[in-house]
Amino acid sequence: MSAPLTALHRCCQRSALLLVARRPWSSSSASPPPLHTRLLLYLAQRYYDVEMLMKWSSNLKKRGLQKKNAYYGYTQKFYGGDIAAAYFILSLKGRIRFLGQPAWLHADQSGKFNWDFLNHKDTPLEEVDLSYTVINYTGLGNLERQGSLRTLSLRGCPEVDDWFLGRLHIFQDSLEELDISHCPRITTGGLAALRNLKGLRRLDMSSLPGISSPGLVAILLEEMLPQCQITAIGYDHSLKQEEEEEKEGQVEAQR
Amino acid sequence: MSAWRRLHVLVRPALTCSRLTQQRTWLCCSLSTGAPLRNDFFKDLEAQLAAVRKKAADALPGSGWSPLEINPNLPPERADIVIVGGGVVGWSIAYWLKQRERIREGVKVIVVEKDPTYSQASTVLSAGGIRQQFSLPENIHLSLASADFMRNINEHLSVMNEDPVDLQFNQSGYLFLASEEVAHIMEENYSTQRQAGAKVSLLSPTQLKEKFPWINTDGVVLASYGLENEGWFDPWTLLNAFKRKAMSMGVIQCCGEVTGFKHTTIMVRTGDDEQVGIRRIQSVRVQMPNSLEYQPVECAIVVNAAGAHSGKLAEMLGMGFGAKDTFAGVPLPVEPRKRYVYVVHCPDGPGLDTPFLIDYSGVYFRREGLGGNYIAGMSPEEGEEPDISNLEVDHQFFEEKIWPSLAHRVPAFEKLKVSSAWAGFYDYNTFDQNGIIGIHPLINNMYFATGFSGHGLQHSPAVGRAVAELILDGNFKTLDLSNFGFKRILTQEPMLERNIV
Ligand SMILES: Cc1cc2nc3c(=O)[nH]c(=O)nc-3n(C[C@H](O)[C@H](O)[C@H](O)COP(=O)(O)OP(=O)(O)OC[C@H]3O[C@@H](n4cnc5c(N)ncnc54)[C@H](O)[C@@H]3O)c2cc1C
């Protein structure tokens, strides 16, 4: 008697969970994983060895990421925070420009770079281009004291997420240009944190797969950062035509 | 043909009447096609024989079969640790116990939850906020640790082959506003928070107006604003993530209500030559839902994570019924208190810019989604606590108490519309509104993790870890929460938050 009842109960419970767990503004990336990942997952489900191997390889990847984003405390102690930040970025194959210097410094294809940057002791960074690097939340700690940073590009960074955006307040007094386009892990919840960057003049938020109604979000961001020019291209607006038009209207009105 | 049928009846003594008649009609209508009929018949015969063999094997001694129906959802008869309450705190403890066990399958943990739809659980009825702006260093550290956990949630709670956890965390700071009388408290809290490592900033009314132009700063002399690790998230997702991970690690979920305990009492003599009874729980009585059936579960340790109802659970062990002025006379000071949350719609509201604002009048609000919705609430005065027998919402309360303050602070809210509302129970600690974590001196094997009074959700990851440490290691390892133990209640030394509201 009670068995079918509980089964029913469970069934209801599950559907209730499903219903409630998804909120309308949920923002998960829709695309399924590629074929080889799915195959591996399938195998892992059947064989403990494959599961072990997959765990092992993901741990290895994690450790690599940790190492690359380690805190450059030693450099900081001996050369100061600015050199440490520069060294960190160059090691990640990013590009930097020191305050008042015309030239950009960057590593070559093989990751080697000129050590001349050591001459710029106590010169803060003005522009940083970290596009397509693996910088993450922990790594950002190396830039903690860069109070003169004016532009920052994080285009296509796979590890930049909402928590990373939440930590950008460290540049709240100086940052004017920010490029977060093509970052797969950013969602609407993180964009709200950009409110702390009141000096922002330019924001590129194109092609973020994690936000579900980009037209609306762009409008809200414009409301929140009235001084800022927002670029949001690369979205399929077929369903959100109206919003888009509205947005364009707004942008024009501002100009 | 009739010979066949006899054979049929012979080998299938268990065949039911209806099956037999069916068989017969089937035989009649397909008489004309001889060959396929024979084929089907033998197939059928084989299947029936297999069923007979199985039944015979089942009936042999030593098999699990029994003529009585057994409820498959009954909890096991024995477990190492029984966690009462499958809210976020209970499941977090279950996860951490598994995470920290030294050998695989080292501890057998079951979580008993009376209502798997969570229709009344505080977890899913909460506002989902996390902040670091507390005044007690313990609470700040709990928040920092929990934020760290949430940031790396997929390293902790992802399950192979399943979707990663998306907490839908919204990165927006808490904004506390202080009036003249309480500004000094805010300043003190600010320095405690900075010392503990929280990223908080103080704002003057001018700065406040500059940062949040839509606020009316009348009456505000100081504001504190969280820069990082604050915001709100989806409580369901956190609860389900803990549950999914814990179950994948071997925790057993059981649906039923704990209605009693079997315990032994040992009388010991204290230094003052007083007789004190020390209890030890032997088994937990789990009542199955919608039936009279119950199952005693023998266990070594019980964790009381029953949220708002944990006081009732403690009463079952006689806590608070002893003589006055003795330890046994002190009840667990946790009771349900009803709190309302109102969802309002206001297209002209502050939008994406909205922090989790807490006014000195006690009113709070935050954004909900992107469609111009906000949720707001407030704790009633001590003498005006609403009736807790149901979860009905008092709309008058919004009109009279909340809306005026809300509209005063944010003039755009003059034109709001209440679109819905709900109520939930705080697991309210009447003694000092903080969590009670640890063991009771008179009950040898019951651990408490309750009484969080409005911040249990955000602290659940760190609290779960602390309780697991207490159980498996014997003391706190990462965060020292001994000040949140039972001792403060027995010695009447409250650990009060210095709130600005
Ligand atoms: C309106 C509101 C807003 C809130 N806002 C916030 C917020 O912004 N941030 C925050 O951190 N916290 C907030 N809270 C507080 C937070 O929700 C709670 O502190 C937290 O959820 C407590 O978790 P829990 O697991 O202890 O309790 P619960 O979620 O209540 O879980 C206890 C479970 O135990 C079960 N149970 C009880 N008795 C028995 C029994 N005898 N046998 C079996 N099962 C039993 C119940 O069914 C329940 O599911 C809020 C609470 C409310 C009501």
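Residues numbered from 1 in each chain as written. Chains lettered and ligands numbered in written order. Predicted model: local features only at pLDDT ≥ 70, side-chain atom pairs only at ≥ 80, totals over all residues. Heavy atoms only, no water.

> Tell me about the sheet that holds strand S4 (residues 151–153) of chain A, and please be specific about residues and values.
Residue and element names in this part refer to chain A. Read across the open sheet, the 7 strands follow the order S2-S1-S3-S4-S5-S6-S7; overall the sheet is mixed. A strand with exactly one partner marks an edge of an open sheet, and here the two such strands are strand S2 (105–106) and strand S7 (229–231). Here strand S3 (residues 125–129) pairs with S4 via 3 bridges, running parallel. Looking across to S4, one finds that Glu 127 is bridged to Thr 151. Relative to the sheet, helix H5 (residues 81–91) contacts strand S1 (95–98), S2 and S3, its axis offset from that of S1 by approximately 155°. (Pairing = 2+ DSSP bridges. Helix = DSSP H or I, 4+ residues; strand = E, 2+ residues; numbered from the N terminus. Contact = heavy atoms within 4.5 Å. Axes fitted to C-alpha atoms, helices over the stretch in contact; angles between N-to-C directions.)

> Can you tell me about the pairing of strand S19 (residues 443–450) of chain B, naming the residues and giving the values?
All names here are of chain B. Of all 8 residues that make up S19, 7 are buried, and the element is covered over most of its length. Relative to S19, strand S12 (residues 294–304) is paired through 3 bridges, and the arrangement is parallel. Following the sheet pairing, Asn 304 is matched in S19 by Phe 448. (Buried < 20%, exposed > 50% of the residue type's maximum accessible area, 1.4 Å probe, protein only.)

> Tell me about the nonpolar core, and please be specific about residues and values.
B:Ile83 and B:Trp91 are the most contacted members of the largest nonpolar core, which has 58 residues in total. If sequence neighbours within four positions are ignored, B:Ile83 has contacts with B:Gly90, B:Ile93, B:Ala94, B:Leu97, B:Val109, B:Ile110, B:Val111, B:Val112, B:Val303 and B:Ala305. (Core = buried A, V, L, I, M, F, W, Y, C linked by side-chain atoms within 4.5 Å.)

> Mind laying out the site of the ligand, listing which residues take part and the relevant values?
All names here are of chain B. Taken together, 38 residues form the shell around the ligand, and within it Glu 113, Thr 123, Gly 129, Val 258 and Gln 458 come nearest. A distance of 3.0 Å separates an oxygen atom of the ligand from a polar backbone atom of Ser 122. Measuring from an oxygen atom of the ligand, one finds a backbone N or O atom of Gln 458 at 2.7 Å. Taking 1,000 Å² as the accessible area of the ligand by itself, protein coverage stands at 96%. Those elements that place two or more of their residues in the shell around the ligand are helix H4 (88–100), strand S2 (109–113), helix H5 (122–125), strand S10 (257–269), strand S13 (334–345), strand S17 (417–429) and helix H13 (456–473). Sorting elements by how many residues they give to the shell around the ligand places S17 first, with 4 residues. Residues that form the shell around the ligand fall into these classes: 17 nonpolar, 16 polar and 5 charged. (Near = heavy atom within 4 Å. Polar contact = N/O pair within 3.5 Å; in protein donor to acceptor, adjacent residues only side chain to side chain. Areas by Shrake-Rupley, 256 points an atom, 1.4 Å probe, with all protein chains shown as cover. Nonpolar A, V, L, I, M, F, W, Y, C, P; charged D, E, K, R; others polar.)

> I'd like a description of the sheet that holds strand S3 (residues 129–130) of chain B, backed by residues and values.
Residue and element names in this part refer to chain B. With antiparallel pairing, 3 strands are arranged side by side in an open sheet as S3-S8-S4. Each end of this open sheet is capped by a strand with a single partner; those strands are S3 and strand S4 (170–171). In this sheet, strand S8 (residues 231–232) lies alongside S3 in antiparallel orientation, the contact comprising 2 bridges. Its bridge partner lying in S8, Ile 130 is registered against Gly 231.

> An account of the UniProt feature "domain: FAD dependent oxidoreductase" (unreviewed entry) in chain B is requested, with residue identities and associated values reported.
Within this numbering scheme, the UniProt entry marks residues 80–470 of chain B as carrying the feature "domain: FAD dependent oxidoreductase" (unreviewed entry). Helix makes up 28% of residues 80–470 of chain B and strand makes up 31%, while its end C-alpha atoms are separated by 15 Å. (UniProt positions renumbered as here; feature names shortened; annotations may be inferred.)

> Explain the packing of helix H6 (residues 137–151) of chain B against H13(B) to me, and be specific about the residues and the numbers.
The description of two helices packed together rests on the angle between their axes and the distance between the axes. Residues and elements named next belong to chain B. Look at H6 against H13: their axes get within 7 Å of each other, and the N-to-C directions meet at 95°. Relative to H13, H6 is oriented roughly perpendicular. Where H6 abuts H13, its residues Asn 139, Leu 142, Ser 143, Ala 145, Ser 146, Phe 149 and Met 150 lie against Gln 458, His 459, Pro 461, Ala 462, Val 463 and Arg 465. Partitioning the contact of H6 with H13 into residue classes produces 7 nonpolar, 5 polar and 1 charged. (Parallel < 35°, antiparallel > 145°, perpendicular 65-115°, else oblique.)

> Got a sec to walk through helix H3 (residues 48–68) of chain A? Specific residues and values, please.
All names here are of chain A. With 21 residues, H3 ought to run about 30 Å at 1.5 Å a step, and its terminal C-alpha atoms sit 30 Å apart, in line with that. Inspection of H3 places Val 50, Met 54 and Leu 65 among the buried residues, and these make up the whole buried set. Each buried residue of H3 sits inside an arc of 50° when the element is viewed along its axis, so together they form one side. Away from its buried face, by an angle of more than 90 degrees, H3 presents the exposed residues Tyr 48, Asp 49, Met 52, Leu 53, Trp 56, Arg 63, Gln 66 and Lys 67. (Expected span 1.5 Å × (residues − 1). Arc of directions from axis to C-beta.)

> I'd like a description of the packing of aromatic side chains, backed by residues and values.
All names here are of chain B. Under the criterion given, the structure shown has 31 aromatic pairs over all chains. Taking the centre distance of 6.1 Å and the plane angle of 20° together, the rings of Tyr 174 and Phe 176 count as stacked. Grouping residues by exposure puts Tyr 174 and Phe 176 together as buried. Measuring from ring centre to ring centre gives 5.0 Å for Phe 365 and Phe 413, while their planes differ by 90°; the resulting arrangement is edge-to-face. (Phe/Tyr/Trp six-rings, centres within 6.5 Å; stacked < 30°, edge-to-face > 60°.)

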